[in-house]
Structure formats: structure tokens, C-alpha cells
Amino acid sequence: MPRHTDVFLIVFLILLSFSCGKDFIPKPQGYNRLILPEHSYRTLPDSFPFSFEYSSHAKLLKDSSWLAERYWIDLYYPEIGASITMSYKKVYNSIDTLNGLLTDAYRLTSKHQIKAYAIEESLLKTPNGITAVVSELQGQVPSQFQFYLTDSTDHFLRGALYFNTASKNDSLAPSIEYVKIDIVHMLNSLRWNDL
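Below: a short report on this structure.

Procedures and definitions
- Residues numbered from 1 in each chain as written.
- Predicted model: local features only at pLDDT ≥ 70, side-chain atom pairs only at ≥ 80, totals over all residues.
- Heavy atoms only, no water.
- Helix = DSSP H or I, 4+ residues; strand = E, 2+ residues; numbered from the N terminus.
- Buried < 20%, exposed > 50% of the residue type's maximum accessible area, 1.4 Å probe, protein only.
- Contact = heavy atoms within 4.5 Å.
- Core = buried A, V, L, I, M, F, W, Y, C linked by side-chain atoms within 4.5 Å.
- Salt bridge = Lys/Arg side-chain N within 4 Å of Asp/Glu carboxyl O.
- Expected span 1.5 Å × (residues − 1).
- Arc of directions from axis to C-beta.

Moving on, we get to the environment of Asn 188. Within the secondary structure, Asn 188 sits in helix α3 (residues 169–189). Accessibility expressed as a relative area gives 36% for Asn 188, which makes it partly exposed. Distance in space between the C-alpha atoms of Asn 188 and Thr 126 is 5.1 Å, their sequence separation being 62 residues. Setting aside chain neighbours within four positions, we find Asn 188 in contact with Thr 126, Pro 127 and Asn 128.

Below is the structure:
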């Protein structure tokens, strides 16, 4: 009669022989399903030289970069790690100032040409009569959507969408489209304020 330890040893050896036959291949890392909330909006405080409606799911933060100016802000989406960075400049009814701001806006967008395989630019007129230029960038770029608005005499507002992640843009596509809807709403609701 075999002892229990002998049976255990035989079962162990059989299992060991079957388990060593194949190389172990780890499964690729999975991604969590992203559930995006319904779009809802609130109005920017009236202490800015511009006003618009922005996402209720975004936090309004003061720009913390070393070169930030008084009316530079970030709209931060904590659930998806996205930020819309916005910088405001006075034009002072100066064509030279306006041309400098336009040149900077184009330069900042064109910096992404190294990784972008397409940059689509559109000129829009908002319901409030404000001219907006929107740039959509395709490829593995750090900023997938950029814009600026101006009245050509007093106000210039520039913005760019960024994600704080190393994920590929095809994985970010649902989040990018979600924030783009919020940006379009923001552009369409924008008004200039005289402070």
C-alpha cells in the first residue's frame, strides 16, 4: 500500500512535467473602461477680461508656470488628466502687438510638426461675432487641439489641450473628443469684458 507522501510526490512530479512544457508569456496591460460624465457647464467668474461657460467637471486653476501673467488659467479635468491651458493678452489697438501674438500662436502650434502627420486649421465666427482659429493636430503630439480668439483691437486669448499621460493618442481618442466638445462650447459662449 503506497503511503500518502508517495502519492503526493507522484502527483507533484506529473504536474511539474506538464507545467514546464510552455514558455510563460505575460498578458499585455489592460486599460480601464473610461466612463465620461454628461456635459454640463458653469460660467467663469466675472473678474476676467473674458467670460465663457466651461465644464462643471473641470477645476479652474491659476497658471502656475514661472512666466504666467494675471489672466492665465488652466482648466483641469482630474478624472481624465487633461488640461486646457489658456493665456490672455491685451492688444492695445496695436497692429504690431496683434501681429506678434498671431506669430507666437502659429509658432507654438507649428512646434508640433515634428510629430504631427496633419494639422487642420479652421477659421470660425462664434455666435457672439468673435473670430476664432482652431487647430486640430493628428499624430503622437503633446497637444491635440489648440485655438485662439481675438477682436483684433483689445483682446487675444490662446488655449491648448494637453493630457498628463504617456498614453498613445489613439487610446486617448474618447477623452480628446469629450474635451473638444467642451472647448467648442466654451468658444461659442465667449464674450469680452471691459475691466
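And the narrative resumes.
Formed by 33 residues in total, the largest nonpolar core has its most connected members in Phe 50, Phe 52 and Val 179. Mapped onto this core, the elements with two or more residues apiece are β5 (73–77), β6 (82–90), β8 (131–139), β9 (143–150), β10 (155–163) and α3. For this core, the leading source of residues is α3, giving seven residues. Beyond its immediate stretch of four places on either side in the chain, Phe 50 contacts Leu 44, Tyr 71, Ile 73, Tyr 88, Leu 157, Leu 190, Arg 191, Trp 192 and Asn 193. Of all hydrophobic cores here, the second largest spans seven residues; its members include Val 91, Leu 98, Leu 101 and Tyr 148.

Turning next to the pattern of salt bridges. Enumeration according to the criterion identifies four salt bridges in this entry. Two residues, Glu 69 and Lys 89, come together in a salt bridge whose shortest N-O distance is 2.5 Å. Of the two residues, Glu 69 sits in the loop between β4 (59–62) and β5 while Lys 89 sits in strand β6, which places them 20 residues apart along the sequence. Judged by its relative accessible area of 28%, Lys 89 falls in the partly exposed class. Close ionic contact of Glu 177 with Lys 180 constitutes a salt bridge, the shortest N to O distance being 3.0 Å.

This part is about helix α2 (residues 95–110). The terminal C-alpha atoms of α2 lie 22 Å apart, and with 16 residues this matches the ideal 22 Å at 1.5 Å per residue to within 8%. Every buried residue belonging to α2 is among Leu 98, Leu 101, Ala 105 and Thr 109, and all of these are buried. Each buried residue of α2 lies within a common arc of 70 degrees when the element is viewed along its axis, so the set occupies one face.

Moving on: unusual backbone geometry. We note that Tyr 92 has phi near 60 degrees; this positive angle belongs to a residue other than glycine. Of note, Tyr 92 is situated in the loop between β6 and α2. Judged by its relative accessible area of 63%, Tyr 92 falls in the exposed class. Although it is not a glycine, Asn 93 sits at a positive phi angle of roughly 55 degrees. Positionally, Asn 93 belongs in the loop between β6 and α2. By relative accessible area, Asn 93 is classed as exposed at 58%.

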